[in-house]
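What follows is the residue order along each chain.
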Amino acid sequence: MCPCGKTMKNIGSYEHVTKAGFKQTITKYRAGNCNGCPLRSDCHGQKDNRIIEVNHNLNRLKRQAEKRLKTKRGIQKRKQRCHDTEPVFANIKHNHLFKRFMMRGLDKVSIEAGLLALAHNLRKRTA
C-alpha cells in the first residue's frame, strides 16, 4: 500500500548478495497512478509512479526479533545487559585508555579485540 492508501502492483523480484555473502530476494512494487496525488511531493521525487523495494524475509525476521524482545524473558535479558556487558567495555575504554584500534582490516581488528578481551580477563583473574 502506498501512503495514500492505494495498492501497489508487484513488478518483479531479483536476488541481491550482501557484502557478507547472504542472498536476499528483493521484491519491487509500483504504484498505479501518482498523478494528482496530494501526498506525491512527500511520498517520492521520481518522475514516474512510486517504486519501492521490499525484502519480505528481512521484515519477517525483524518482526520476530521485536516480538522476542517484548516478551518477559526479552525484557529481562535487556535489563541484564547493562549489568553484564556494558561495564566491561567501559572499563576497557576508560580505565585502560583504549580509544581506537591500531590495525585496519577485519582479521587484524578481530585479533586486536581478542587480545583486549584476553588482557581484560587476565587483569580480572589476578585482581
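Anyway, here's the lowdown on the structure attached to this text. Note that the coordinates shown come from a computational prediction; the quantities given were computed from them, not determined experimentally.

1. Section: the overall build of the chain
- The helix and strand inventory of the chain stands at five helices and three strands.
- C-alpha atoms of the chain, sized along the principal axes, occupy 70 × 40 × 25 Å.
- In the chain, which comprises 127 residues, the share counted as buried stands at 14%.
- Sequence-distant contacts, at least 24 apart, represent 30% of the contacts inside the chain between residues at least 6 apart.
- Total accessible area on the chain stands at roughly 11,000 Å², and carbon and sulfur atoms take up 56% of it.
- Side chains of the chain carry 29 positive and 9 negative charges; the gap between the two charge centres is 5 Å.

2. Let's talk about the side chain of Glu112
- As for its position among the elements, Glu112 is in helix 5 (residues 106-126).
- Summary of buried charges: Glu112 has no salt-bridge partner, and the nearest side chain of opposite charge, Arg104, is 6.8 Å away.
- Glu112 has contacts with Phe98, Arg100, Phe101, Met102 and Met103, leaving out every residue within four places of it along the chain.

3. A short note on the nonpolar core
- By size, the foremost hydrophobic cluster in this structure holds six residues: Cys2, Met8, Tyr29, Ala31, Cys34 and Val54.
- If near-sequence neighbours (up to four positions away) are discounted, Tyr29 is found in contact with Met8, Lys9, Asn10, Ile11, Arg50, Ile51, Ile52, Val54 and His56.

4. Thoughts on the environment of Lys47
- Looking at where Lys47 falls in the secondary structure, it is placed in the loop between helix 1 (40-43) and strand 3 (51-54).
- C-alpha of Lys47 to C-alpha of Cys34: the two residues are 13 residues apart in sequence and 9.7 Å apart in space.

5. Quick notes on the packing of aromatic side chains
- Going through the model one piece at a time under the given rule, you end up with one aromatic pair.
- Relative to Phe101, the ring of Phe98 has its centre 5.1 Å away and its plane inclined at 75°; by these criteria the two rings are edge-to-face.
- For Phe98, a relative accessible area of 17% gives the class buried.

6. Brief notes about the pattern of salt bridges
- One pass over the structure, following the stated rule, counts one salt bridge.
- Ionic pairing is found between Lys70 and Glu66, a salt bridge with its closest N-O pair at 3.0 Å.
- Under the relative-accessibility criterion, Lys70 is labelled exposed at 58%.
- A residue is classified by how much of its surface remains accessible, and Glu66, at 42% relative accessible area, is partly exposed.

7. What about empty space enclosed by the protein?
- Summed over the entire model, instances satisfying the criterion amount to one cavity of 30 Å³ or more.
- By volume, the largest cavity is sized at about 80 Å³.
- Each residue belonging to the lining of the largest cavity can be placed in one class, and the counts come to seven nonpolar, two polar and two charged.

8. Side note on the layout of surface pockets
- One number sums up the size of the largest pocket: a volume of about 200 Å³.
- In this structure, the largest pocket is lined by Val88, Phe89, Ile92, Lys93, Phe98, Phe101, Ala113, Leu116, Ala117, His120 and Asn121.
- Mapped by element, the contributors of at least two residues to the lining of the largest pocket are helix 4 (86-95) and helix 5.
- Looking at the lining of the largest pocket, the element that brings in the most residues is helix 5, giving five residues.

Scoring rules and cut-offs
- Each chain carries its own residue numbering, running from 1 in the written order of its sequence.
- The predicted origin of the model limits local features to residues at a pLDDT of at least 70 and limits the giving and counting of side-chain atom pairs to 80 or more, whereas totals for whole chains, interfaces and linings rest on all residues.
- Hydrogens and water molecules were not included; the side-chain quantities draw on all heavy atoms of the structure.
- For helices the rule is a DSSP run of H or I covering at least 4 residues; for strands it is a run of E covering at least 2, with both sets numbered from the N terminus onward.
- When a residue's accessible area, from a 1.4 Å probe over protein chains only, is under 20% of the maximum for its type it is buried; when over 50% it is exposed; and in between it is partly exposed.
- Only heavy atoms matter for contacts: two residues are in contact if any of them lie within 4.5 Å across the pair.
- The protein chains shown are the only cover counted for residues, whose accessible areas, like all others here, come from Shrake-Rupley with a 1.4 Å probe.
- We score Asp and Glu as negative and Lys and Arg as positive, and we do not count His or the chain ends.
- Throughout, a charge is located at the NZ atom of Lys, the CZ atom of Arg, the CG atom of Asp or the CD atom of Glu.
- Whenever a carboxyl oxygen of Asp or Glu lies within 4 Å of a side-chain nitrogen of Lys or Arg, that contact is scored as a salt bridge.
- We call a set of buried Ala, Val, Leu, Ile, Met, Phe, Trp, Tyr and Cys residues a nonpolar core when their side-chain atoms join them within 4.5 Å.
- Pairing of aromatic rings covers Phe, Tyr and Trp, the last counted by its six-membered ring, and requires centre-to-centre distances within 6.5 Å; plane angles under 30 degrees mean stacked, over 60 mean edge-to-face, and any other angle means tilted.
- Buried and open spaces are told apart on a 1 Å grid over the protein atoms alone, a cavity being a set of points where a 1.4 Å probe fits but cannot get out and a pocket being an open set with protein on both sides within 12 Å along at least five of seven lines. Residues with an atom within 4 Å of a point are the lining residues.
- Grid points are joined across faces, edges and corners, and a volume is the space filled by probe spheres set on the points.
- Three classes are used: nonpolar for Ala, Val, Leu, Ile, Met, Phe, Trp, Tyr, Cys and Pro, charged for Asp, Glu, Lys and Arg, and polar for all others, with Gly counted as polar.

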